[in-house]
Amino acid sequence: MFSLFKKKHAGSGRPKAIAFVDYEHWFISLDKLHHVRPDIKAWRNELAKTYELQEIIFFADFSNPTIRLEIPRIREVSNYIIETQNTSSSHKKDFTDFIMLDHIYQKAINSPEINTFILFSGDGHFNSVTNYLITQLGKQVGVYAIRGGMSTQLKNTASWVELLPKNEDPDLAVYRLILGNLRQLQDNKAKKSYPTFWATVEAVARHNGLKRRDVANSLRYLIARGCISQYEAKPEKGKTIKALTVDWKKAKILGVWE
């Protein structure tokens, strides 16, 4: 497979890089979490400013009709496309990760001139190969992933990480005010609290000069994403209310709490 990128002269000064893209992660996670489509050209152009790109290899199960429609857009950037469809009737496991890993190890062995390996995936399965490339081969490994869909272990292992989309949710500040209010109540050991939906909305809006409607919409978003859930509580005998509880781990993964 030939490279679409022209050879740079020896004095270009940019490190040689190769990129491995799990397009299922990119396309599906971006659509599910942020409701937008990948901007493949912009991503490639950004990389080309820093690196002498040798190849960009895209991996996906293109039997998915929606992802198959993306092939013409991918070809505007690279013709190196690997079909990862699993045709086995007895094993349903998605093969994309395993096929990507095989290609990464092969390139590491056969292309010692590559300085930087760039992975586009948030899957923790790539933690071991990332660690191997960095500690054993002295390579730089950069990881692109979708905001809210990246393994913490992979994030901590990579040389650098870039989360997409870059622009943070404009309501992020409100999410954090809501979570901060709930965290304060949770940490108050002197008094057991049972925060409810509208009591939380009222408190956050009043203390921060916000509209109740905007706070309520942000709280609904956090509930829909699973960061906050409601459960039945009985703070008083004979009285049941719907109280709020926070999944702090999920909130950190989605990037709404640090």
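Below you will find a few notes about this structure.

1. Considering the nonpolar core
Counting 50 residues, the largest nonpolar core has Tyr23, Trp26, Trp43, Phe58, Ile178, Leu179 and Ile228 as its most contacted members. By residue number, the principal contributor to this core is helix H8 (residues 172–187), which donates six residues. Judged by nonpolar contacts, the second largest core, of 22 residues, contains Leu101, Ile104, Ala108 and Val141.

2. Points about the pairing of strand S6 (residues 160–164)
Of the pairings in the sheet, the one linking strand S5 (residues 140–146) to S6 comprises five bridges and is parallel in character. Bridged to Ala145 within S6 is Leu163.

3. Observations concerning the packing of aromatic side chains
In this structure the tally under the stated criterion is 14 aromatic pairs. Taking the centre distance of 5.7 Å and the plane angle of 85° together, the rings of Trp43 and Tyr144 count as edge-to-face. Remark: Tyr144 occurs in strand S5 and Trp43 occurs in helix H2 (residues 40–50); sequence separation between them is 101 residues. Note on Trp248 and Trp257: the rings are 5.2 Å apart at their centroids and 50° apart in plane angle, and the pair reads as tilted. Accessibility expressed as a relative area gives 17% for Trp257, which makes it buried. Within the aromatic cluster, the residues linked to one another by ring pairs are Tyr23, Trp26, Phe27, Trp43, Phe58, Phe120, Tyr144 and Trp160.

4. A closer look at the sheet that holds S6
With parallel pairing, six strands are arranged side by side in an open sheet as S3-S2-S1-S4-S5-S6. Of all the strands in the sheet, just strand S3 (81–83) and S6 have a single pairing partner and so form its edges. The average undirected angle you get between the axes of adjacent strands in this sheet is 15°. Sheet topology note: the strand S1 (residues 16–22)/strand S4 (residues 116–120) ladder contains five bridges and is parallel. Among the inter-strand pairings, Ala17 is bridged to a residue of S4, identified as Thr116. Seen against the sheet, helix H1 (residues 23–34) touches S1, strand S2 (52–60), S4, S5 and S6 and runs at an angle of roughly 40° to S5. Where helix H5 (residues 96–110) meets the sheet, its contacts fall on S1, S2, S3 and S4, and the angle it forms with S1 comes to roughly 170°.

5. Focus on the environment of Lys211
Locating Lys211 in the fold gives a position in the loop between helix H9 (197–208) and helix H10 (212–224). Taking the relative accessible area as the measure of exposure, Lys211 reaches 54% and is therefore exposed.

Conventions we followed
- Residues numbered from 1 in each chain as written.
- Predicted model: local features only at pLDDT ≥ 70, side-chain atom pairs only at ≥ 80, totals over all residues.
- Heavy atoms only, no water.
- Core = buried A, V, L, I, M, F, W, Y, C linked by side-chain atoms within 4.5 Å.
- Buried < 20%, exposed > 50% of the residue type's maximum accessible area, 1.4 Å probe, protein only.
- Helix = DSSP H or I, 4+ residues; strand = E, 2+ residues; numbered from the N terminus.
- Pairing = 2+ DSSP bridges.
- Phe/Tyr/Trp six-rings, centres within 6.5 Å; stacked < 30°, edge-to-face > 60°.
- Axes fitted to C-alpha atoms, helices over the stretch in contact; angles between N-to-C directions.
- Contact = heavy atoms within 4.5 Å.

So yeah, pure geometry; function would need other evidence.
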